[in-house]
Amino acid sequence: MWENKEDELDMFYGSPIDKWKEVIFNASRTLASKELDRLLEELALYELLFEEIECNVDLREFYYKAKNESAELKKRLEDNKQSIALESTSKILSENE
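Caption draft 1: Just the overall build of the protein, in detail. Along the protein, the regular secondary structure elements total five helices and zero strands. Excluding contacts between residues fewer than 6 apart, the proportion of contacts in the protein whose partners are at least 24 apart in sequence is 64%. Of the accessible surface of the protein, which amounts to about 8,500 Å², a share of 54% is contributed by carbon and sulfur atoms.

In structure tokens:
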């Protein structure tokens, strides 16, 4: 009842990716496994989509460019990673209740 409110709000501070890792590492093995499987399936689906639409983009080259050459792509990549981390964290925490 008299807990420190700052401790409760601590989960909203810091990097979403760091918080996601903390949740994954501390969640039950079943929940963490389920979420990691979901993320792998989503990744595989994206790869299939690229193959299906016969996209002429070299993903390794694009990845290198996004990580090293283009500040705009690097920012968008980081934003997307954080968004995925937040979504994944909320899925795990909502199933843990």
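Caption draft 2: Spotlight on the nonpolar core. Ile17, Trp20, Val23, Ile24, Ala27, Ala32, Leu39, Ala85 and Ile92 form the largest nonpolar core, which has nine residues in total. Residue assignment for this core shows that the elements contributing at least two residues are α2 (16–26), α3 (29–52) and α5 (71–96). Looking at this core, the element that brings in the most residues is α2, giving four residues. Apart from the residues lying within four places of it in its own chain, the contact partners of Ala85 are Pro16, Ile17 and Trp20.

Caption draft 3: Molecular detail of a negative patch on the surface. Taken together, the side chains of Glu47, Glu51, Glu52 and Glu54 present a region of like negative charge at the surface. Mapping Glu51 onto the fold places it in helix α3. Residue classification places Glu51 among the exposed positions, given a relative accessible area of 59%.

Caption draft 4: Spatial organisation of a nonpolar patch on the surface. A cluster of nonpolar side chains, namely Phe50, Val57, Leu59 and Phe62, defines an oily patch on the protein surface of about 330 Å² accessible area. Mapped onto the elements, Leu59 comes out in helix α4 (residues 59–69).

Caption draft 5: Up close: the pattern of salt bridges. With the rule as written, the count across this model stands at six salt bridges. Between Asp79 and Lys75 there is a salt bridge whose closest N-O contact spans 2.9 Å. Here the residue Asp79 and the residue Lys75 both occupy positions in helix α5, the gap between them amounting to four residues, near one helical turn. Between Glu87 and Lys91 there is a salt bridge whose closest N-O contact spans 4.0 Å. Taken together, the residues Glu87 and Lys91, both in helix α5 and four residues apart, mark about one turn of the helix. Given a relative accessible area of 28%, Lys91 falls into the partly exposed group. Within the structure, one salt-bridge network assembled from shared partners comprises Glu35, Arg38 and Glu42.

Caption draft 6: Structural context of the packing of α4 against α5. Where α4 contacts α5, the axes come no closer than 6 Å and their chain directions differ by 100°. One element, α4, and the other, α5, form an angle in the roughly perpendicular class. Counted together, Phe62, Lys65, Ala66, Lys67 and Glu69 of α4 and Ala71, Leu73, Lys74 and Leu77 of α5 form the full contact between these two elements. Residues that form the contact of α4 with α5 fall into these classes: five nonpolar, no polar and four charged.

Thresholds applied
- Residues numbered from 1 in each chain as written.
- Predicted model: local features only at pLDDT ≥ 70, side-chain atom pairs only at ≥ 80, totals over all residues.
- Heavy atoms only, no water.
- Helix = DSSP H or I, 4+ residues; strand = E, 2+ residues; numbered from the N terminus.
- Contact = heavy atoms within 4.5 Å.
- Areas by Shrake-Rupley, 256 points an atom, 1.4 Å probe, with all protein chains shown as cover.
- Core = buried A, V, L, I, M, F, W, Y, C linked by side-chain atoms within 4.5 Å.
- Buried < 20%, exposed > 50% of the residue type's maximum accessible area, 1.4 Å probe, protein only.
- Patch = residues over 30% accessible without salt bridge, like charges linked within 9 Å, V, L, I, M, F, W, Y side chains within 5 Å.
- Salt bridge = Lys/Arg side-chain N within 4 Å of Asp/Glu carboxyl O.
- Lys, Arg positive; Asp, Glu negative; His and termini not counted.
- Charge placed at Lys NZ, Arg CZ, Asp CG, Glu CD.
- Axes fitted to C-alpha atoms, helices over the stretch in contact; angles between N-to-C directions.
- Parallel < 35°, antiparallel > 145°, perpendicular 65-115°, else oblique.
- Nonpolar A, V, L, I, M, F, W, Y, C, P; charged D, E, K, R; others polar.

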